[in-house]
Amino acid sequence: MTLIFAEDAGSILETLQSESGGRKNNETAKYGEYRTKRLILTEYDRMAASGLTWTILWRTA
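Predicted, not measured: the structure shown is a model, and the values here were computed from it.

Draft legend 1. A look at the pattern of salt bridges. Tallied over the full model, the rule gives five salt bridges. Note that R38 is salt-bridged to E33, the shortest N-O span being 2.7 Å. The class for E33 is partly exposed, based on a relative accessible area of 27%. With a closest N to O distance of 2.4 Å, E43 and R46 form a salt bridge. Residue E43 and its partner R46 are both found in helix α3 (residues 35-49); the two are separated by three residues, about one turn of the helix. Of the residues examined, E43 reaches a relative accessible area of 30% and is grouped as partly exposed. Salt bridges linked by common partners bring E14, K24 and K37 together as one network.

Draft legend 2. The arrangement of the side chain of E27 in detail. Looking at where E27 falls in the secondary structure, it is placed in helix α2 (residues 23-31). Take E27: its relative accessible area is 9%, and that puts it in the buried class. Each residue touching E27, except ones within four places of it in the same chain, is listed here: G32, E33, Y34, R35 and T36.

Draft legend 3. How the structure looks around the packing of helix α1 (residues 6-14) against α3. Remark: α1 packs on α3, axes separated minimally by 10 Å, with the N-to-C direction vectors making an angle of 165°. It follows that α1 is roughly antiparallel to α3 by the angle criterion. The chirality of how α1 crosses α3 is right-handed. Facing A6, A9, G10, L13 and E14 of α1, the residues of α3 in contact are T36, K37, I40, L41 and Y44. When grouped by side-chain class, the residues that make up the contact of α1 with α3 number six nonpolar, two polar and two charged.

Rules of the game
Residues numbered from 1 in each chain as written. Predicted model: local features only at pLDDT ≥ 70, side-chain atom pairs only at ≥ 80, totals over all residues. Heavy atoms only, no water. Salt bridge = Lys/Arg side-chain N within 4 Å of Asp/Glu carboxyl O. Buried < 20%, exposed > 50% of the residue type's maximum accessible area, 1.4 Å probe, protein only. Helix = DSSP H or I, 4+ residues; strand = E, 2+ residues; numbered from the N terminus. Contact = heavy atoms within 4.5 Å. Axes fitted to C-alpha atoms, helices over the stretch in contact; angles between N-to-C directions. Parallel < 35°, antiparallel > 145°, perpendicular 65-115°, else oblique. Left-handed = near helix turned anticlockwise from the far one by under 90°. Nonpolar A, V, L, I, M, F, W, Y, C, P; charged D, E, K, R; others polar.

In structure tokens:
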């Protein structure tokens, strides 16, 4: 089990792309922003303000 902080989540989200495209590039082209990152970090902040945390189960192959 891994506890992921907002800064870590932002860094992880930045890796969801490649040189030829990916989520960040696709969303920036479609929405003018990296929408998934904004939505996740907004929810992260809302949960933190309520005293909640995320626990991420991270499994590698």
